[in-house]
Amino acid sequence: MGDVLELDAVSIVRGGKTLLDAVDWDVSDGDRWIVLGPNGAGKSTLLQIAGARMHPTSGTAEILGERMGAVDVFELRPRIGMTSALLAAQIPADETVVDTVVTAAWGVTGRWRERYEGFDEDRARELLGDWGMGSLTDRRFGTLSSGEQKRVLIARALMTDPELLLLDEPAAGLDVGGREDLVGRLADLLADPYAPAVVMVTHHVEEIAPGFTHALLLRDGAVVAAGPLDEVLTSENLSQTYGIELELTRDGDRFHAVAAR
Ligand SMILES: Nc1ncnc2c1ncn2[C@@H]1O[C@H](COP(=O)(O)OP(=O)(O)OP(=O)(O)O)[C@@H](O)[C@H]1O
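This structure is a prediction, so every number in the text was calculated from the model and none was measured.

Draft legend 1. Summary view of the layout of surface pockets. By volume, the second largest pocket amounts to about 260 Å³. Along the walls of the second largest pocket sit 14 residues, with Leu-127, Asp-130, Leu-158, Leu-189 and Asp-192 positioned nearest its centre. Contributing elements (two or more residues each) for the lining of the second largest pocket: helix 5 (118-130) and helix 7 (176-191). Class assignment of the residues belonging to the lining of the second largest pocket gives a composition of eight nonpolar, no polar and six charged.

What follows is the structure, encoded as structure tokens:
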């Protein structure tokens, strides 16, 4: 039983196309999940369900103990921290870095006339410090590099002290230095026993930080394999997921994948 997420035969159909096909998935408190799959496999759609942004067409989804369809999603969403390219695009370019984080306390993007408590701003600055952005709190969001923006958005996702953190391709577009910096900071977060349950969508096994415990592999909206990372992340399962012969190697607690020769 997943006390954080419990998806039972969840399907999503849009415009006659099946985006998710009878997905079963349990996420428990303390789990750290990786979601892998080719372009169009349904990874972002799955995250939209997990983030209470989308209802299943059929099947049932329980999120943090609340059944989708029987809960006010506006009460549920603050309990879930989320980052995605879609959210990044909604942040006004002239928003300051600290306001980008502090506005999460109100579930809005763009500070207008809301009044925030001093402790909200203190917490935002502390989180920005944790994510290496402590010296840029007064910069405009639109002037940051993409790596800096991604770290600000993770700080924002953690602002409400969520019980579930959903990261949709947080390392996309980063150079190798930016990726490794992010992997290191994620590893620190994953090692924190008070951190929320984490689900991270990625395209690259190289982005899997030490500390992830489980993996779900998706292809054409269906689950190829799901469970403990060591059992699921194999050359065979990856090859089946991507439809190409891949060889997975493990170097300590990091992974690499290349085409099999
Ligand atoms: N409203 C819609 N109507 C029809 N098809 C849709 C709709 N929304 C998404 N899709 C399709 O559903 C599939 C899954 O999309 P999704 O964004 O979940 O995939 P993904 O695994 O996150 O892909 P990527 O790795 O490219 O980001 C894609 O083929 C997409 O074109």
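Draft legend 2. Seen up close, the sheet that holds strand 5 (residues 66-67). Strand order across the open sheet formed by four strands is 2-1-4-5, with antiparallel pairing between neighbours. A single partner strand is all that each edge strand has here, and the edge strands are strand 2 (17-27) and strand 5. Examined bridge by bridge, strand 1 (residues 5-14) and strand 2 share seven bridges and lie antiparallel to one another. If you follow Val-13 over to strand 2, its bridge partner there is Thr-18.

Draft legend 3. Up close: helix 1 (residues 43-50). Among the eight residues of helix 1, seven are classified as buried, and the element is accordingly described as predominantly covered. Note on helix 1: the residue one or two positions beyond its end, Ala-52, has a positive phi of about 60°.

Draft legend 4. Region of interest: the pattern of salt bridges. Evaluation of the coordinates by the stated rule reveals nine salt bridges. With its nearest N and O atoms 3.6 Å apart, the salt bridge here joins Glu-121 to Arg-125. Remark: Arg-125 and Glu-121 occur in helix 5; sequence separation between them is four residues, near one turn of the helix. For Glu-121, a relative accessible area of 25% gives the class partly exposed. One salt bridge in this structure joins Arg-179 and Glu-180, with 3.0 Å as the shortest N-O distance.

Draft legend 5. The pairing of strand 9 (residues 214-219), seen in detail. The buried fraction of strand 9 amounts to five of the six residues, a majority that puts the element mostly inside the structure. With four bridges connecting them, strand 3 (residues 32-36) and strand 9 associate as parallel partners. Following the sheet pairing, Leu-36 is matched in strand 9 by Leu-217. One ladder, built from six bridges, connects strand 9 with strand 10 (residues 222-228); its direction is antiparallel. When the bridges of strand 10 are listed, Leu-216 appears paired with Ala-226.

Definitions and limits used
Residues numbered from 1 in each chain as written. Predicted model: local features only at pLDDT ≥ 70, side-chain atom pairs only at ≥ 80, totals over all residues. Heavy atoms only, no water. 1 Å grid on protein atoms, 1.4 Å probe; cavity = no way out; pocket = protein on both sides within 12 Å on 5 of 7 lines; lining within 4 Å. Points joined across faces, edges and corners; volume = space filled by probe spheres on them. Helix = DSSP H or I, 4+ residues; strand = E, 2+ residues; numbered from the N terminus. Nonpolar A, V, L, I, M, F, W, Y, C, P; charged D, E, K, R; others polar. Pairing = 2+ DSSP bridges. Buried < 20%, exposed > 50% of the residue type's maximum accessible area, 1.4 Å probe, protein only. Salt bridge = Lys/Arg side-chain N within 4 Å of Asp/Glu carboxyl O.

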